Amino acid sequence: MDLSSVSLEIIGHAVVSADGRIADQQRQMPAMLRNDKDWSRFQAALDRAALVVLGRLGHEAHPNPGRRRLVVTSRVADFEEIDPQVLLWNPAGLEFDAVLARLGITAGEIAVTGGQAVFDLFLKRFTRFDLVTVDGALIPDGVPCFSTGWPDEVLAQAGLRVREREALDPGVRLEVWRR
């Protein structure tokens, strides 16, 4: 499938600490990163998405409220349907374009919610990345958003630029990065 003719927007969604971390040492998102305004905005974005892409840990930690999920995992050879709403996908066994073709997705939003390996995988494909930073939160030994560096530097190196900024709450800010 030639994605140049497809009307898809691939949007990353991350909330990070002031030191660029998405999770603690146990790979869990700490409560200090949770913000009600961001959570409402995030849930609305997931509701709009034709597909939500996330890692296995995120899938196992959060029950699916009925959204179509593509779970990135090495536990399958290529692609496996668990139920009509949950699909397992191994990027080493099947290209993402082939997954979209199998699912019949040719337009709409694809929401990519992490973790780190999933963000790294989609870095060159993001058309937009919604980065929420909680300024007062620090997770020194936590999991970085991207494996290759600070979120703003990695996104800029990938060709994205901040196009919008919004204060969601004191100390909680949203930056919308776009190609």
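Residues numbered from 1 in each chain as written. Predicted model: local features only at pLDDT ≥ 70, side-chain atom pairs only at ≥ 80, totals over all residues. Heavy atoms only, no water.

Peer 1: Go over the overall build of the protein chain, please, and point to the residues and values.
Peer 2: Tallying secondary structure elements over the protein chain gives five helices and 11 strands in all. Whereas a compact globule of 179 residues would reach a radius of gyration of roughly 16 Å, the protein chain reaches 16 Å, a difference of no more than 12%. Dimensions of the protein chain along its principal axes, counting C-alpha atoms only, are 45 × 35 × 30 Å. Each of the 179 residues in the protein chain was classed as buried or not, and the buried ones make up 46%. Put simply, of all contacts in the protein chain between residues at least 6 apart along the chain, 62% involve residues at least 24 apart. (Helix = DSSP H or I, 4+ residues; strand = E, 2+ residues; numbered from the N terminus. Rg over C-alpha atoms; globule rule 2.2 N^0.38 Å. Buried < 20%, exposed > 50% of the residue type's maximum accessible area, 1.4 Å probe, protein only. Contact = heavy atoms within 4.5 Å.)

Peer 1: Describe the packing of aromatic side chains, naming the residues involved and giving the relevant values.
Peer 2: How two aromatic rings sit relative to each other is set out by the distance from centre to centre and by the angle between their planes. Inspection of every chain in the model, using the stated rule, returns nine aromatic pairs. Considering the side-chain rings of Phe-129 and Phe-146, the 5.6 Å spacing of their centres and the 45° angle between planes classify their relative orientation as tilted. Separated by 17 residues along the polypeptide, Phe-129 in strand β8 (residues 128–134) and Phe-146 in the loop between β9 (143–144) and α5 (151–157) bring together distant segments of the chain. Accessibility expressed as a relative area gives 0% for Phe-146, which makes it buried. Three or more aromatic residues joined by ring pairs form one cluster here, namely Trp-89, Phe-96, Phe-119, Phe-122, Phe-126, Phe-129 and Phe-146. Directly above the ring of Trp-39 sits Arg-34, whose terminal nitrogen or CZ lies 3.8 Å from the centroid. (Phe/Tyr/Trp six-rings, centres within 6.5 Å; stacked < 30°, edge-to-face > 60°. Lys NZ or Arg CZ within 6 Å of the ring centre and 35° of its normal.)

Interpretation note: all reported values are geometric properties and have no functional meaning in isolation.
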